Every structure is written in C-alpha cells, then in structure tokens.
Amino acid sequence: RFWERACLESPGKIRPLINFAVALGNNNEVDESIRIYEAVINSGNKTKDVGLAVANLAILYLGKNRQDGDKQWLRKAAELLHYAIDVWPDHPQVLYNRGCMFMGFGKWEQAIDEFTKALGKHENALAFRMRARCWGRLGNAPNALADAQRAEHIDGIHGVLRFLKNEATTGSSPAVQDHQPA
C-alpha cells in the first residue's frame, strides 16, 4: 500500500498520512485508519509525528473497547500510551490521549494530572473540557466550572459552558457515562 512505502521512503510524508488516517477514522473507517497508524509506527521513525500516530492509535483502541467491550483494546491502548510517554514525554497530544485513557479506566485524578501537563504544553479547549469532566466526576464544581469557562473562552462554542455546568453539578451527561469503567 502506498502509505507503507511512504513511511519507509520519506519520513516527511508521515504527517499527511496521519491526517489521512484521522479522516478515515472520522468517517468510521477505523480498521483502515488503524492499519495506517500501525505502518507509521512500524516505520522505525521516532519523530513527534510518529508520537502523534501512537497517541491517535491508542484512542482508536479505546473506541474499539467502547464498541465491543473487549478489554484487550484497553490493554493495547495503555501499552501504546506508556510507550509514547517514554519516547515523546512532552508531546501534548500524547499527554491528552493518556488523560483520555485514564478517564476510560475511571481514574479521574490521574486523568486530571495528564490533562494539566498537556495544557501546560499547549492550551486547547478540548483538554479543558475533558479536565472539567474529571473535576465534575470528583464533585469539584468550582474547578469544573473554571475549566469549562476557559474552554468556552478559547473556542467560543455556545452551549459548552451550560453543558459542563450541568455535568459538574449533576454528573449526568452522556459524555461522562461513556467514560465510566466497565
């Protein structure tokens, strides 16, 4: 396949392949996206782009776990993210995805720690929203609301603050329920 050759022949082509894998994953072509990420990872390249591929693949594995309930996907995601942290310890996407993994296990404090590290490298609304969800699960409404407000300030999406305020005070949103441990 063209992406396997591209990974081996030109490390500069890795970012477009990752973008292609993201697009495939967003279009529910998860298995094809997984194959591309695996080819990128197995290329032997150790650039930050490969770190992003590792982190994204771990998130796809978490999604497969939510889809079929098979715990092997959680184990694979955890292994990938631990590897990614060892090789690319400061990559904000790796830290963010590791926070999502901890959410998947219901480890709210560890998730908060990872989101905080990711936000220290690069502030983005999604990381603030996810950290707000964790604060909400722990019953810490003031911190949840502060993170929700910061997320709204960054990207200005209407309704985000109201959604997260409800989540922080009631813990009843579907998004939080999706991340509860099985």
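What comes next concerns the included structure.

### Section: the overall build of the protein chain
Here is step 1 of the chain: In terms of regular secondary structure, the protein chain is built from 11 helices and 0 strands.
Here is step 2 of the chain: Listing each helix as α and each strand as β along the protein chain from the N terminus yields α-α-α-α-α-α-α-α-α-α-α.
Here is step 3 of the chain: Restricting the contact set of the protein chain to residue pairs at least 6 apart, pairs at least 24 apart contribute 51%.
Here is step 4 of the chain: Put simply, the protein chain shows about 9200 Å² of open surface, and 50% of that area lies on carbon and sulfur atoms.

### Side note on unusual backbone geometry
Here is step 1 of the chain: In the Ramachandran plot, N28 falls in the positive-phi region, its phi being about 60° despite a non-glycine side chain.
Here is step 2 of the chain: Structurally, N28 can be placed in the loop between α2 (14-26) and α3 (30-41).

### Observations regarding the packing of α2 against α3
Here is step 1 of the chain: The N-to-C vectors of α2 and α3 enclose an angle of 160°; their axes lie 8 Å apart at closest approach. Judged by the inter-axis angle, α2 sits roughly antiparallel to α3. For the crossing formed where α2 meets α3, the hand is left-handed. Within the contact between the two elements, α2 uses I14, L17, I18, F20, A21, V22, L24 and G25 and α3 uses V30, E32, S33, I36, Y37 and V40.
Here is step 2 of the chain: A per-class count over the contact of α2 with α3 returns 11 nonpolar, 2 polar and 1 charged.

### Considerations on the pattern of salt bridges
Here is step 1 of the chain: Taken as a whole and judged by the stated rule, the model has 7 salt bridges.
Here is step 2 of the chain: The closest approach of N and O atoms between D31 and K64, which form a salt bridge, is 3.2 Å. Of this pair, D31 sits in helix α3 while K64 is found in helix α4 (residues 48-68), placing the two residues 33 residues apart along the sequence.
Here is step 3 of the chain: For D31, a relative accessible area of 44% corresponds to the partly exposed category.
Here is step 4 of the chain: Residue E123 pairs with R150 through a salt bridge whose shortest N-O separation is 2.4 Å. With E123 in the loop between α7 (108-121) and α8 (125-137) and R150 in helix α9 (residues 141-155), this pair connects stretches of sequence that are 27 residues apart.

### Section: the side chain of N97
Here is step 1 of the chain: With respect to the element layout, N97 can be found in helix α6 (residues 92-104).
Here is step 2 of the chain: Apart from residues lying up to four places away in sequence, N97 is in contact with A55, N56, I59 and L81.

### Description of the packing of aromatic side chains
Within a pair of aromatic rings, the relevant descriptors are the distance that separates the centres and the angle that separates the planes.
Here is step 1 of the chain: Applying the stated criterion across every chain, the model contains 2 aromatic pairs.
Here is step 2 of the chain: Ring centres of Y61 and W73 lie 5.4 Å apart, and the angle between their planes is 35°; this geometry places the pair in the tilted category. On the criterion of sequence distance, the pair formed by Y61 in helix α4 and W73 in helix α5 (residues 72-87) is long-range, its members being 12 residues apart. Of the two residues examined, Y61 and W73, each falls in the buried class.
Here is step 3 of the chain: Taking 5.5 Å as the distance between ring centres and 50° as the angle between the ring planes, the aromatic pair formed by Y96 and F115 counts as tilted. Here Y96 is found in helix α6, whereas its partner F115 is found in helix α7, with 19 residues between them in sequence.
Here is step 4 of the chain: On the basis of relative accessible area, F115 is assigned to the buried category, the value being 0%.

Thresholds, definitions, all that
Residues numbered from 1 in each chain as written. Predicted model: local features only at pLDDT ≥ 70, side-chain atom pairs only at ≥ 80, totals over all residues. Heavy atoms only, no water. Helix = DSSP H or I, 4+ residues; strand = E, 2+ residues; numbered from the N terminus. Contact = heavy atoms within 4.5 Å. Areas by Shrake-Rupley, 256 points an atom, 1.4 Å probe, with all protein chains shown as cover. Axes fitted to C-alpha atoms, helices over the stretch in contact; angles between N-to-C directions. Parallel < 35°, antiparallel > 145°, perpendicular 65-115°, else oblique. Left-handed = near helix turned anticlockwise from the far one by under 90°. Nonpolar A, V, L, I, M, F, W, Y, C, P; charged D, E, K, R; others polar. Salt bridge = Lys/Arg side-chain N within 4 Å of Asp/Glu carboxyl O. Buried < 20%, exposed > 50% of the residue type's maximum accessible area, 1.4 Å probe, protein only. Phe/Tyr/Trp six-rings, centres within 6.5 Å; stacked < 30°, edge-to-face > 60°.

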